[in-house]
Amino acid sequence: MHYDYVIVGAGFAGSVLAERLATQLDKRILLIDKRSHIGGNAFDCLNEDGILIHQYGPHIFHTNSPEVYTYLSQFTQWRPYEHRVLASVDGQLLPIPINLDTVNKLYGYSFTSEQLMAYFDSVGEPVADIQTAEDVVVSQVGRDLYEKFFRGYTRKQWGVDPSQLDKMVTARIPTRINQDDRYFTDQFQCMPLHGYTKMFEKMVDHPNIQLLLGTDFKEINQQLSFDELIYTGPIDEYFDCCYGKLPYRSLRFDHQTLEVANYQPVAVVNYPNEHAYTRITEYKKLTGQEHTKTSITFEYPQDEGDPYYPIPRPENAALYRQYKQLADGQASVHFVGRLGTYRYYNMDQVVAQALTLFKKLAGIDSLQEAI
Ligand code: FAD
Ligand code: UDP
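Under an unreviewed UniProt entry, the name given to the chain is UDP-galactopyranose mutase, and the source organism is Larkinella humicola. Of the chain, the UniProt comment under Sequence similarities (unreviewed entry) reads exactly: "Belongs to the UDP-galactopyranose/dTDP-fucopyranose mutase family."

What follows is the structure in C-alpha cells.
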C-alpha cells in the first residue's frame, strides 16, 4: 500500500493534519502511534470505576483563536468550564495566579487594588533585562511571594532553579491586582463534552485514514511506501540524537480513586513547597461528571520517562536549532507539534501550528480557508 502521507503521532498535531489532508485534499494517510491509543497526551478514558480521567495529567482547553475553536467544534460539543487553581501556602489554600485575595489572605491585609499595585511596586525588585523565570516573578511581586509560590514549584517541576529557565515558563502565569481567580482569561474556555478521546475518534474516522497503533515508526519505517512524512515525535529521536539528546522533563502520574464524592475545593491544587508532587487534580471538577467516588492524580516530576515537557533554556534552544537545520534540509519531512518543534505549546497552539502546516501543504492563503 502506498500512502500520500505517513503521519507519526496521533496527538493533536498528527490527528489534525490527518483529518485535514484526508477530508480536504483526499489524501491517503497512515497515522501511526507507538501508544495503544489516539489523542497523544490529551488522551482520556473511563477508569475501572467509570470515572473519566486524563491518563497524562489535567488537560484544560482554552484559546483566543476563533479558528482553532471553530475547527475543533466540528468534532465535539463543549462544556463551559473556567479553570481555577488554589496553591497550598503557609497552611492556607490561596488563589494562583496571585491576585488581590491571595495577598490579603496570605498576609492578613485588606488592600484595595490601588494599594496592592503600590505594594507590588514597593516589593518588586527592578530587573533591568528580564531573562529568566525568576526575573519575571521577582520583578513583579517581590521575593517573598516568589519564594512562597514559584521557587519550590518550579524547582520540583523542572529540576532546575527558576534562574536557569527561560522567562516564558513563569510568564505563563499572570499577576493580578483584582479578584479574578481564573487561571486563564482566554476568550474560549471549555472542555470537550464527552472527553478528548471521543473528539479524536471523530477526527480520525475517515476512510482515507488508516490507523496503526502500538507501533513505533522506527520499527516499520523501511517497509513503508509514502510521498511525505509528518513527524510529531521528538525531533532529536528522528535524527538518532546525532547532536546529543534534547532534554525533556517527564512526570510520573499516581492515579487514585477515593471512596468519597468530593476531595478538594477546585479541580487543581498546587503544592509549591511541601511534598514531592507538584499538584493534585480531581477530574470530576473538570468534567462535571457525577459519581459517588472521585478520582485524583498526583504529578511527580522526573527526568526519565515519556518526554512531556521541552525544557526552555538557552542551551536547549541552541541544540534544537541544530536539529531544525537538519530538518529544513528534508523537503518531504515536516516536523510539527510540541515534540517535533521542541516548544512548550498548549493544545490550541499545536492545533494552530498544524492548521498552518496544512495551509502551506494545501497552498491556501488564510487560516479561515484551512478550517
Ligand atoms: P503529543 O500529544 O505528545 O503526541 C505525540 C505522539 O507521538 C504521542 O502519542 C507519541 O506516542 C507519538 N510518537 C512519538 N514518537 C513516536 C514514534 N517513533 N512512533 C510512533 N509514535 C510516536 N495543554 C493545554 O492546552 N491545556 C492544558 O491544560 C495542558 N495540560 C497539560 C498537562 C500535562 C501534564 C502535559 C504533559 C501537557 C499539557 N498540555 C496542556 C499540553 C498538551 O498536552 C500538548 O500541547 C499537546 O497534547 C501536544 O500535542 P502533540 O500532538 O504535539 O504531541
Ligand atoms: N508555576 C509555579 N507555581 C504555581 C504554578 C506555576 O511556580 O503554582 C510555574 C512553574 O514553573 C510551572 C510554570 O509556572 O511549570 C507554568 O505553569 P503551568 O500551570 O502553565 O504549567 P503546566 O500546566 O504547563 O504544567
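Asks: Could you give me a rundown of the pairing of strand 9 (residues 188–192), with the residues and numbers involved?
Replies: Where strand 5 (residues 61–63) meets strand 9, three bridges bridge the pair, whose relative direction is antiparallel. Among the inter-strand pairings, H62 is bridged to a residue of strand 9, identified as Q189. Sheet analysis places strand 6 (residues 78–80) next to strand 9, joined by three bridges and oriented antiparallel. Each bridged residue has a counterpart across the sheet, and for R79 the counterpart in strand 9 is M191.

Asks: Which residues make up unusual backbone geometry, and what values go with them?
Replies: Here the bond from I96 into P97 is cis, since omega is 0 degrees, no more than 30 degrees from zero. Along the chain, P97 turns up in the loop between strand 8 (92–96) and helix 3 (100–107). Of note, D90 is a non-glycine position whose phi angle comes to about 50 degrees, a positive value. The residue D90 is located in the loop between strand 7 (85–89) and strand 8 in this model. Its identity is not glycine, yet D240 carries a phi of approximately 55 degrees, on the positive side. Turning to its location among the elements, D240 is positioned in the loop between helix 9 (235–238) and strand 12 (248–258).

Criteria and cut-off values
- Residues numbered from 1 in each chain as written.
- Chains lettered and ligands numbered in written order.
- Predicted model: local features only at pLDDT ≥ 70, side-chain atom pairs only at ≥ 80, totals over all residues.
- UniProt positions renumbered as here; feature names shortened; annotations may be inferred.
- Pairing = 2+ DSSP bridges.
- Helix = DSSP H or I, 4+ residues; strand = E, 2+ residues; numbered from the N terminus.

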